[in-house]
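Chains, contacts and geometry: an overview
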Amino acid sequence: MIGFVGGQVPAGYSGHGKRVVSGRCRSIRKVSMEPVEKIGVSDVSGLNSIPEEIWERALGGSKFEKVKAEKDGSEMWKEIYVYAEKVRNGEITYQDIDSDDLNIRYKWAGLFHRPKATPGRFMSRLKVPNGILNSEQLRFFGEFIGRYGDDGCGDITTRMNIQLRGIVVEDAGDLVDGLNAVGLTNIQSGMDNVRNLVGSPIAGIDPHEMFDTREICKDIDNYITGDRKGNKEITNLPRKFNICVSGSRDDFAHTHINDIGLKPMKNEEGVMGFNVDIGGYFSSKRAAHSISMDVWVHPDDVVAFCRAMLLVFRDNGERKDRQKSRMMWLVEKWGLEKFRSTVEERMGKTLAREAKAGPEFDTPFPRRDVLGVHPQKQEGYSWVGCRVPVGRLFAKDFFEMADVADKYSDGEMRLTVEQGIIFPNVKNEELDTILAEPLLKRFSPVAGNVTRGLVACTGSQFCPQGIVDTKGRAVRIADLLEEELDIPELVRMHWTGCPNSCAQVQVADIGLMGAKARIPGVKGPVDGVDIYLGGKIGENTELGTLYKKGVPAEPEFLIPALKEIMIERFNCTEKKS
Ligand code: SRM
Ligand code: SF4
């Protein structure tokens, strides 16, 4: 069992993940910035290649637009080194750092200050295109967070990505350099930048694969991050942006909730390319299912297509009201035809219309579960999918995962959007030994029908927007449900700490969104959840909708509410005692 199960949190944190570091984040004085020559990040002097008029428009926009216009976030690619040196030399503390740099612009260098839960410490969000890692990278994570003792940990995110925690200002440059040295980056991973490239977790090994997503995810990511040196062309988008590439009819990548979702389909000539869905997103005010753009894109054109989409969004997206600035709003403002033709113009190419699905698509294709042992398309080999309880990892876990990957998977390990891991390319004759590894007792390929579909966002333990604790609670409630009910089939339960829905409650069978609740006779609000039902994934997607508001999150209230739903809708029965 992991350290925070049962509502507890990792050692070194209080009940709300608060570390014993005193002081509030504040801006005392501006720190002078001498230019420094630093590692492989591109030259960020002067304004980047964003047209001047955008900067002018930005000045009339939201607070965040003003912060971006005052100084582009890409400046932090150098300035994090200056700040680190000054803190190391004792010239300043993190509290002296300009608050817009500390709390906003550091995110362009992949560093998120956690002022509420752990003042002075950062979370770093990486880029792991297609969720594929190697053992050297895993060991680097273990070593890096290991230096923070109980204050360091990591998470697998809902975009098959890694976040590391506990980082202090003086180590920021070491982290960026260290990641680069092992072939990774954390650049442009937060704020108004493109998020991690999601692909198929079983790309290249899947017997039902339509398109191997690995190379194309890497190619798009290389454009976005400028080959890990930073890409100034797209450092000032109106808002965040999500791209994913699906590899099979399972749609493991969730194309229906991304700004760009590429879905494999052969055209009339039998060439495999992509139909494109656009505009899917979640926010606290709106959950939008994507719509078809009615285009088919050849794999060779995918990077140019994504670039054209991003530049059209950059130059035309809403910059005043951040609640209306995701790409879907631009598509709706212009209408699909104008949107499509503007993208084609920017690309310098007319795109083919959407390819029609052949008769083979008439037979239903139930979405598969990647957890467990599955034969690969390569004869004699299998992948082993393991659950990591709510994605939380510690230094020891990273080292052990690296060892198992080296021993059985030629050093490779993959991540899933359900916050799990996959060891690919395991020889069938070695399955018994891998399954006997101590790591696989902790991160088991076999799990109960709630536990194996359990997803939880960061929640209030670290996230400044979190209304409730999620990860600890999710594990505890899942355990209780499995103790009390016979659950005949997978029930995908997602916990998200606030209405931003980072853990995608609208995708789940049962979604629990942090909210305040009332208990009759108890003064003041208590931690609670809004319950969502009806998310469908795979080939025929639907977004779940609100079913019940404000259920108190304590087991005595939540367990009966969930049991009622599971008995009525998921064929569950009470266990006989
Ligand atoms: Fe998210 C903001 C964590 C996936 C929608 N998200 C945040 C912040 C940065 C909030 C903050 O102030 O710090 C959270 C960092 C907390 C922390 O310390 O970890 C945060 N989001 C996460 C992660 C780590 C949840 C997880 O535990 O897995 C996921 C990281 C993915 C990655 O690797 O990049 C994560 N966030 C998502 C997703 C799911 C997805 O992409 O499939 C969504 C909904 C889909 C979408 O974006 O359309 C999502 N996060 C948001 C939003 C609402 C966006 C909007 O348009 O309003 C915010 C708030 C914002 O951006 O203003 C947000
Ligand atoms: Fe934080 Fe809310 Fe996202 Fe959870 S859903 S990580 S609480 S912003």
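The name that an unreviewed UniProt entry assigns to the chain is Ferredoxin--nitrite reductase, chloroplastic, with the source organism given as Rhodosorus marinus. Recorded in UniProt for the chain, the comment headed Pathway (unreviewed entry) runs: "Nitrogen metabolism; nitrate reduction (assimilation)." Looking at the Sequence similarities (unreviewed entry) heading of the UniProt record, one finds this comment for the chain: "Belongs to the nitrite and sulfite reductase 4Fe-4S domain family."

Attention shifts here to the site of ligand 1. Near ligand 1, the surroundings consist of 30 residues, among which Thr-157, Lys-240, Arg-326, Thr-458 and Cys-502 are the closest. Arg-239 places a side-chain nitrogen or oxygen 3.0 Å from an oxygen atom of ligand 1. Here Lys-240 contributes a side-chain N or O atom positioned 2.7 Å from an oxygen atom of ligand 1. Mapped by element, the contributors of at least two residues to the shell around ligand 1 are β2 (121-125), β5 (162-168) and β9 (281-282). Looking at the shell around ligand 1, its residues break down into 10 nonpolar, 12 polar and 8 charged. In terms of domain composition, the shell around ligand 1 takes at least three residues from each of domain 1 (237-357) and domain 3 (452-574).

Take the pairing of strand β21 (residues 526-533) next. Counting buried residues along β21, 7 of its 8 residues qualify, which places the element largely inside the surrounding structure. Across 8 bridges, the pairing between strand β20 (residues 510-517) and β21 is antiparallel. By the bridge assignment, Gly-514 is partnered in β21 with Val-529. By the bridge criterion, 5 bridges tie β21 to strand β22 (residues 545-552) in an arrangement that is antiparallel. Bridge assignment links Val-529 to a residue of β22, and that residue is Val-551.

This part covers the site of ligand 2. Inspection of the region around ligand 2 gives Cys-457, Thr-458, Gly-459, Cys-463, Gln-465, Gly-466, Thr-496, Gly-497, Cys-498, Asn-500, Ser-501 and Cys-502 as its neighbouring residues. When its residues are assigned to classes, the shell around ligand 2 shows 4 nonpolar, 8 polar and no charged.

Per the counting criterion, the structure on display carries 45 salt bridges. Here Asp-403 makes a salt bridge to Arg-139, at a shortest N to O gap of 2.9 Å. Here Asp-403 is found in helix α11 (residues 395-408), whereas its partner Arg-139 is found in helix α5 (residues 135-146), with 264 residues between them in sequence. Using a relative accessible area of 25% as the deciding quantity, one classes Arg-139 as partly exposed. Close ionic contact of Arg-368 with Asp-206 constitutes a salt bridge, the shortest N to O distance being 2.8 Å. Of the two residues, Arg-368 is situated in the loop between α10 (336-347) and β12 (372-375) and Asp-206 in the loop between α6 (172-181) and α7 (214-224); the sequence distance between them amounts to 162 residues. Residue classification places Asp-206 among the buried residues on the basis of a relative accessible area of 1%. Through salt bridges that share partners, Glu-70, Lys-71, Glu-79, Asp-98, Asp-101 and Arg-105 make up one connected network.

Thresholds, definitions, all that
Residues numbered from 1 in each chain as written. Chains lettered and ligands numbered in written order. Predicted model: local features only at pLDDT ≥ 70, side-chain atom pairs only at ≥ 80, totals over all residues. Heavy atoms only, no water. UniProt positions renumbered as here; feature names shortened; annotations may be inferred. Near = heavy atom within 4 Å. Polar contact = N/O pair within 3.5 Å; in protein donor to acceptor, adjacent residues only side chain to side chain. Helix = DSSP H or I, 4+ residues; strand = E, 2+ residues; numbered from the N terminus. Nonpolar A, V, L, I, M, F, W, Y, C, P; charged D, E, K, R; others polar. Domains from an automatic or database assignment. Buried < 20%, exposed > 50% of the residue type's maximum accessible area, 1.4 Å probe, protein only. Pairing = 2+ DSSP bridges. Salt bridge = Lys/Arg side-chain N within 4 Å of Asp/Glu carboxyl O.

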